[in-house]
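Working through the structure, step by step
Residues per chain are reported as follows:
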Amino acid sequence: LFGGQIVGQALVAAARAAGRDEQVHSLHCYFVRAGDPKVPVLYEVERTRTGKSFSVRSVKAIQHGKPIFTCQASFQLSQCSPVQHQFTMPAVPHPEKLLTQEELIQKFLQNPNLAERYRKHLNKIQAEDVPIDIKPVNPPDIFCLEPQEPKQLFWVRARGYIGETDMKVHCCVAAYISDYAFLGTALLPHRQYHIKFMVSLDHSMWFHAPFRADHWMLYECESPWAGGCRGLVQGRLWRRDGVLAVTCAQEGVIRVEQTPNQSKL
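Before going into details, it helps to say that this report is about the structure given with it. These numbers were taken from a predicted model, which means no experiment stands behind them. (Residues numbered from 1 in each chain as written. Predicted model: local features only at pLDDT ≥ 70, side-chain atom pairs only at ≥ 80, totals over all residues. Heavy atoms only, no water.)

What to know about the packing of aromatic side chains
For clarity, the cut-off: Any Phe, Tyr or Trp ring, taking Trp's six-membered ring, that has another such ring centre within 6.5 Å forms a pair; planes under 30 degrees apart are called stacked, those over 60 apart edge-to-face, and the others tilted. Each helix corresponds to a stretch of at least 4 residues labelled H or I by DSSP, and each strand to a stretch of at least 2 residues labelled E; elements are numbered beginning at the N terminus. Burial classes: relative accessible area under 20% of the type maximum marks a residue as buried, over 50% as exposed, and values in between as partly exposed (1.4 Å probe, protein chains only). Charge over a ring is defined by NZ of Lys or CZ of Arg lying within 6 Å of the ring centre and within 35 degrees of the ring normal.
By the definition in use, this model includes four aromatic pairs. Seen in terms of ring centroids, Phe31 and Phe69 are 5.3 Å apart; in terms of plane orientation they differ by 55°. Their pairing is tilted. You can see Phe31 sitting in strand β1 (residues 22–31) and its partner Phe69 sitting in strand β4 (residues 66–77), a full 38 residues away along the chain. For Phe31, a relative accessible area of 17% translates into the label buried. Judged by relative accessible area, which is 1%, Phe69 ranks as buried. Ring geometry for Phe182 against Tyr219: centres 5.5 Å apart, planes inclined by 35°, an arrangement best described as tilted. Residue Phe182 is found in the loop between α4 (167–178) and β7 (195–207), and its partner Tyr219 is found in strand β8 (residues 217–227); the two are separated by 37 residues along the sequence. On the accessibility criterion, Phe182 (0% relative accessible area) is buried. A relative accessible area of 1% places Tyr219 in the buried class. Taken together, the ring pairs in this structure connect Phe2, Tyr176 and Tyr180 into an aromatic cluster. Residue placement shows Arg240 over the ring face of Trp155; its charged tip is 5.9 Å from the ring centre.

Examining the sheet that holds strand β5 (residues 132–136)
Test applied: Here the rule is simple: two strands pair whenever DSSP picks up at least two bridges between them. Angular values range over 0 to 180 degrees, each being the angle between N-to-C directions of two axes fitted as lines to C-alpha atoms, with helices fitted over their stretch in contact. Contacts are residue-level and defined by heavy atoms, with any inter-residue pair within 4.5 Å sufficient.
Here we have ten strands laid out as an open sheet, ordered β2-β3-β4-β1-β7-β10-β9-β8-β6-β5, and antiparallel in their pairing. Sheet topology places β2 (42–50) and β5 at the edges, where each strand pairs with a single neighbour. Averaged over all adjacent pairs, the angle separating strand axes in this sheet is 25°, with direction ignored. In terms of strand pairing, strand β6 (residues 151–158) meets β8 through six bridges, oriented antiparallel. The residue of β8 that forms the bridge with Val156 is Met217. Of the strands in this sheet, β1, β4, β5, β6, β7, β8 and β10 (244–256) are in contact with α4, which crosses β7 at around 155°.

Following this line, the structure appears as structure tokens:
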């Protein structure tokens, strides 16, 4: 199962057990077992605490009678404070000036020298029904094995129209979006290795300001560390007007073949 789907659905379950005027400000999750896409997922919610300003809801995602995922989400009633600051949004081209991921893949597929196995891989990606529009700011050369800085920038948005609705809905959709291609940031300095196994261990999010998940947001991803068969990634979702809307963090298992690849062609 796609991790972002489980995070998003768990947040839906937690939000339905929270007060109407409370908004989620953070969530912390652990992936504890592999999900089975052939059976439904049961979300069990515990009202851990309901306070005057903050409330906590604990969620277990269950399949075959065992938890595959646990999550704690904290909700807050709106409060004002003069203590405010944020980082500055990176200066990047507007999304209208960039190609979508599908358009970039189509360009690669038009290369007559593309090896058949990579053609099949790109066709498989192209065939996936991903409900997200993605426009990479600096798309990596898929044929280059040179190490790259562990940073990525994407413009992202949910496909379709969500509209003005409860902010909890947009937060749940952003949870889905946040897990897409996130852990792959940790692989950019190690592109010479063939990946044997890669899976998320945990996922955390902090929600700072209102946003629309069906409007373009800049997803700034970076990996400050990797080692011990694990990689850490951090992300920031920026609104187009420069407001920092969401901060994310994730650690995952990364296992590679010990012998580096010689060429991708």
